[in-house]
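# Structural overview
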Amino acid sequence: MPVPWFLLSLALGRNPVVLSLERVVGPQDTARCSPGLSCHLWDGDVLCLPGSLASAPGPVLVPTRLQTELVLRCHEETDCDLCVRVAVHLAVHGYWGDPDKEEKFGRAADPELEEPRNVSLQAHVVLSFQAYPTAHCVLLEVQVPAALVQPGQSVGSVVFDCFEAALGAEVQIWSYTQPRYQKELNLTQQLPALPWLNVSADGEDVRLVLDVSEEQRFGLSLYWNQAQGPIKPWWHSNLTGPQTITLNHTDLVPCLCIQVWPLEPDSVRTSICPFKEDPRAHRNLWRAARLQLLPPRGWQLDAPCSLPAEATLCWQALDGGPCLPLVPPLPRENVTVNKVLEFPLLKGHPNVCVQVSTWEKLQLQECLWADSLGPLKDDMLLVETRGPQDNGSLCALEPSGCTPLLSRASTRAARLGEQLLQDVQSGQCLQLWDNDLGALWACPMDKYIHQRWVLVWLACLLLAAVLFLLLLLKMNHVKAAARSRAALLLYSADDASFERLVGALASALCQLPLRVAVDLWSRRDLSAQGALAWFHAQRRQTLQEGGVVVLLFSPGAVALCREWLQDATSAPRAHGPHDAFAASLSCVLPDFLQGRAPGRYVGAYFDKQMPADAVPALFRSVPVFSLPSQLPDFLGTLQGPAAPRPRRLAERAEQVSRALQPALDSCFRPPAAPGTGRGMGPEAGDRT
């Protein structure tokens, strides 16, 4: 495989020490030994099989150190190949007898072993050379004379010329004897690379710069150097002259390699893999890795490079918790990419997933059967462990661990332990795996979930019914409280200012809220129906709704009451058509006389207008309040059961008092001076 001399010159540099490499003339491999030894190179390649270790029968030759040197194998003056010369240093290993006894007595313990000390040693030394994509092994026969055989001492070396290799290649060399008496020696060496191939960063991307002459034609290949299987080409092109090729950073993976060679017959190809330690390349590798299902129970990890990872099966519960590894009882397996692996299961289940992880963290997780077997199920995974005497135990795999079925733990599996055990014995659980050490069972939990939800639904329905009943009662109570507080306000229209005061009181009571009926707001109905008919209708409606009739006493009202309470021979005088109070006395007085008034009637008067004892004694059988001094008690009696708390009631009384104050001031102004007008005192509106 000739390499043009100018390429070697570029590769090895201008250093005169480098350019003075020894030249080996001729295509044949050779071997030579250090003085005192004899060696012979066997013709042809040999199998690169180290074999197993063997016990040394006595002193034997073993390789102790490997040393390499770069040389040039030249066919013509300017037609040379880079070649690796290997020197193997040898030493005597082992003794003729027991070394302790020999050291003690100064001679061999057994006189019969004295004679073999004067014999020479012979060894077959194997050199194994590997430089991608080739491997080569040679066999060297070495003989040491008896004079040089000293146990534990070096005897010299044997030199092999030579193993050809490509520029920039990584070579690996092993050495051992046949039979092999110790672990083989090994050496790894990186040969010089072509300086006109440069890999550099361009921001996030990577540039490949090939600095050659414009006439130079060469091939460039990008490939994935997979540890398992042949290389996988990714991109290839024949180019001419200097080139700069940009690679996207997302295309980088650790096994991405670059191969360059001159477009000449039998040219040597130079390969480099510059991204082995690039963190971006390792991240991209895991992003590109994919798990796929291969029916019936096979799976495969597809990735451009080999991955130092382990795979295990895990159980993904329906509640979305962590996937619980099935190790043990199932073992972990080393991942081989792009190779079909088999699940050690009897049957598939949608909750069985595959985890691929490194020693650092979990990298991939896929529930491969989710598409073919449907969504995740609410099944409980039971792990059966079998002992040597066929005495097994069952536990349920949960996030807290494997819970024994017949335990007192507070988990779902422990609560349903006996039922799950019966399900396994009756064949209602699916057996996923089975061997002499144990088994895995997937037990459906749907029926237990349904039973539990039936009870939950019944409890919820019962609670909803109770809440609905309470709501209805509350609504009826609020509705009744709001409507039962209807109030019919009866008063005597002593004068216009007193009517304005009554109107202000009625308006203030409506804000509590109360439904207030007063003749001031129903004059049209009074004219149409008449005062007596209107009063009867309002009184009947108010009392039917649980309301109250308010008798607002004034000097005029007291006078009317006294007229009705006189002897039957003194008939009451006539009143106006809108005087509802006068008309109502025909119905009100019988209620008081017959004892039906308590709970239906409430009395009130303004303390600036008349004293408390002015109210006739007959009407004191019901609460009579002085306004505004007893306004909180008056409002509490009007609102009945719906009355607010004392503090709130006091606030409302204050609001009503403020609303009444202007009308009170207008109605009860001090009497005017003589000659300035008529006063508005209590007697101003007295109709008696």
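Located above this text is the structure these notes cover.
Residues numbered from 1 in each chain as written. Predicted model: local features only at pLDDT ≥ 70, side-chain atom pairs only at ≥ 80, totals over all residues. Heavy atoms only, no water.

The next subject is the side chain of glutamate 398. Examined against the element boundaries, glutamate 398 turns out to sit in strand S28 (residues 392–398). Polar side-chain contacts of glutamate 398 include one of 3.0 Å to the side chain of threonine 411. Not counting residues within four places of it along the chain, the set of residues in contact with glutamate 398 comprises Leu324, Met380, Thr403, Thr411, Arg412 and Ala413. (Helix = DSSP H or I, 4+ residues; strand = E, 2+ residues; numbered from the N terminus. Polar contact = N/O pair within 3.5 Å; in protein donor to acceptor, adjacent residues only side chain to side chain. Contact = heavy atoms within 4.5 Å.)

Right, let's get into the sheet that holds S28. In a beta sheet, neighbouring strands pair by backbone hydrogen bonds and run either parallel or antiparallel. As summarised here, the arrangement of the five strands in space is S29-S28-S27-S31-S30, forming an open sheet in which the pairing is antiparallel. The open sheet has two free edges, formed respectively by strand S29 (401–404) and strand S30 (430–434), since each of these has just one partner strand. Adjacent strand axes in the sheet meet at a mean angle of 30°, parallel and antiparallel pairs treated alike. Sheet topology note: the S30/strand S31 (residues 438–444) ladder contains four bridges and is antiparallel. (Pairing = 2+ DSSP bridges. Axes fitted to C-alpha atoms, helices over the stretch in contact; angles between N-to-C directions.)

As a packed pair, helix H9 (residues 496–510) and helix H15 (residues 646–667) sit with axes 9 Å apart at the nearest point and diverge in direction by 175°. With respect to H15, the element H9 is oriented roughly antiparallel. In this structure, H9 uses Ser497, Phe498, Arg500, Leu501, Ala504, Leu505 and Ala508 to contact H15, whose residues at the interface are Val656, Ala659, Leu660, Ala663, Leu664, Ser666 and Cys667. Here the residues of the contact of H9 with H15 are counted per class, giving eleven nonpolar, two polar and one charged. (Parallel < 35°, antiparallel > 145°, perpendicular 65-115°, else oblique. Nonpolar A, V, L, I, M, F, W, Y, C, P; charged D, E, K, R; others polar.)

Moving on: unusual backbone geometry. It is generally the case that most residues other than glycine have a negative phi and that most peptide bonds are trans. Of note, the amide linkage connecting aspartate 161 to cysteine 162 takes the cis form, showing an omega dihedral of -20°. Here cysteine 162 shows up in strand S9 (residues 154–164). Following leucine 627, the chain continues into proline 628 via a peptide bond in cis, with omega recorded as 5°. Inspection of the secondary structure assignment puts proline 628 in the loop between strand S36 (624–627) and helix H14 (631–639).

Another point: the pattern of salt bridges. Scanning the model with the defined rule gives 16 salt bridges in all. Arginine 85 is paired through a salt bridge with glutamate 22; the nearest N and O atoms lie 2.8 Å apart. Pair noted here: arginine 85 is in strand S6 (residues 79–93) and glutamate 22 is in the loop between helix H2 (16–19) and strand S2 (23–25), with a separation of 63 residues, a long-range link. For glutamate 499, the salt bridge is made with arginine 523, and the minimal N-O distance between the two is 3.0 Å. You can see glutamate 499 sitting in helix H9 and its partner arginine 523 sitting in helix H10 (residues 523–529), a full 24 residues away along the chain. (Salt bridge = Lys/Arg side-chain N within 4 Å of Asp/Glu carboxyl O.)

Alignment of strand S7 (residues 121–131) against strand S10 (residues 170–177), held across seven bridges, turns out to be antiparallel. Along S10, the bridge assignment pairs glutamine 130 with glutamine 172. Two elements, S10 and strand S11 (residues 185–190), share six bridges in a ladder whose sense is antiparallel. When the sheet's bridge partners are listed, glutamine 172 is paired in S11 with threonine 188.

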